[in-house]
Amino acid sequence: MGSELNWGYVVTYLALGARHQRVRELNLVDMGVGGTIARNCNNNFLGFIPDEIGNLSQLRKIEMQDNELNGPIPTSLGFLENLQKLNLSYNGLYGEVPNGIFNVSFFTAIDLKGNNLSGSLPTDICNNLPNIELLKFSYNQISGNIPPSLEACKKLQRFSQAYNAFSGSIPMEILNLDQSFELST
């Protein structure tokens, strides 16, 4: 398929799936495509992530890493209650990470490394993420303190935060996590 992928078909399929609650995974890794994600059928993977992605209520995985997406991360991702994995790494996304995504309790992995994201992480980052195993924020412009509430992520195996603008020390509470926990600084 490669660059000959028919994005009109993909968008139509996604729209039908959203209406019928069937879209469960959107994997766009190494497709070799380019262009614009739009609300019509002229889609490729340059440009903004449309807010309408939040209407795909049964979506479980979003893997759109290594594209040329830009703009803010849609706040509508916080409405995807069944989302387990979000990988938007290595794009040109900017702005603050929407707090709503830290309220999706089914998440096991959030990977946002290699963008231009800014702002700070919420102090209660793990209060609603009981299943989170992976949090990757490296290579962004995130500032503020590393939240001590990471201790509440009992299943957290890896927290990657290198090459940001974090301040302060690493919270001692992190030492209460499982022995297999890895902190990437």
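Computed from a predicted structure; not experimentally measured. (Residues numbered from 1 in each chain as written. Predicted model: local features only at pLDDT ≥ 70, side-chain atom pairs only at ≥ 80, totals over all residues. Heavy atoms only, no water.)

Thoughts on the overall build of the chain
Consideration 1: The number of helices and strands found in the chain is one helix and 13 strands.
Consideration 2: What you see in the chain, going N to C, is helices and strands ordered as α-β-β-β-β-β-β-β-β-β-β-β-β-β.
Consideration 3: Counting all 185 residues of the chain, 46% fall into the buried class.
Consideration 4: Expressed as a percentage of contacts within the chain between residues at least 6 apart in sequence, the contacts between residues at least 24 apart total 52%. (Helix = DSSP H or I, 4+ residues; strand = E, 2+ residues; numbered from the N terminus. Buried < 20%, exposed > 50% of the residue type's maximum accessible area, 1.4 Å probe, protein only. Contact = heavy atoms within 4.5 Å.)

Examining the sheet that holds strand E8 (residues 116-118)
Consideration 1: The four strands are arranged E2-E4-E6-E8 in an open sheet whose pairing can be described as parallel. Either end of the sheet is taken by a strand with one partner, and the two such strands are strand E2 (46-47) and E8.
Consideration 2: In this structure, E2 lies alongside strand E4 (residues 68-71), joined through two bridges in parallel fashion. Bridging across to E4, Leu46 finds its partner in Glu68. (Pairing = 2+ DSSP bridges.)

Notes on unusual backbone geometry
Consideration 1: Of note, the phi angle at Tyr139 is positive, near 60 degrees, even though the residue is not glycine.
Consideration 2: Mapping Tyr139 onto the fold places it in the loop between strand E9 (134-136) and strand E10 (143-144).
Consideration 3: Overall, the relative accessible area of 43% leaves Tyr139 in the partly exposed class.
Consideration 4: A positive phi angle, close to 60 degrees, is found at Tyr163, a residue other than glycine.

Notes on the state of the cysteines
Consideration 1: Throughout the structure, instances matching the rule amount to one disulfide.
Consideration 2: Paired by a disulfide, Cys126 and Cys153 hold their sulfur atoms 1.7 Å apart. Judged by the sign of its S-S torsion, about -95 degrees, the cystine formed by Cys126 and Cys153 is left-handed. Within this pair, whereas Cys126 is found in the loop between E8 and E9, its partner Cys153 is found in the loop between E10 and strand E11 (158-160), the two being separated by 27 residues in sequence.
Consideration 3: A residue is classified by how much of its surface remains accessible, and Cys126, at 2% relative accessible area, is buried. (Disulfide = S-S within 2.5 Å.)

A closer look at the nonpolar core
Consideration 1: Formed by 39 residues in total, the largest nonpolar core has its most connected members in Ile62, Leu88 and Leu112.
Consideration 2: Apart from residues no more than four positions distant in its own chain, Leu112 is found in contact with Ile73, Leu86, Leu88, Ser89, Val97, Ile101, Leu117, Lys136, Phe137 and Asn140. (Core = buried A, V, L, I, M, F, W, Y, C linked by side-chain atoms within 4.5 Å.)

What to know about the packing of aromatic side chains
Consideration 1: For the structure on display, the rule yields three aromatic pairs.
Consideration 2: Centroid distance Tyr139 to Tyr163: 4.7 Å. Interplanar angle 15 degrees. Geometry classified as stacked. With a gap of 24 residues between them, Tyr139 in the loop between E9 and E10 and Tyr163 in the loop between E11 and strand E12 (165-166) connect regions that are remote in the sequence.
Consideration 3: The exposure class of Tyr163 is exposed, given its relative accessible area of 59%.
Consideration 4: A network of ring pairs unites the aromatic residues Phe102, Phe137 and Phe159 as a single cluster. (Phe/Tyr/Trp six-rings, centres within 6.5 Å; stacked < 30°, edge-to-face > 60°.)

Some points on the environment of Ser167
Consideration 1: As for its placement among the helices and strands, Ser167 is situated in the loop between E12 and strand E13 (182-184).
Consideration 2: Sequence separation between Ser167 and Gly144 is 23 residues, and the spatial gap between their C-alpha atoms is 5.4 Å.

Focus on the confidence of the model for the chain
Consideration 1: Confidence along the chain averages 80 in pLDDT terms, with 74% of residues attaining 70 or more.
Consideration 2: Under a pLDDT of 50 for its full length, residues 15-21 has, in the predicted model, eight contacts with residues more than four places off or in other chains.
Consideration 3: Of the regions scoring below 50 in pLDDT, residues 36-44 engages in 24 contacts with residues more than four places distant in sequence or in other chains. (pLDDT = per-residue confidence, 0-100.)

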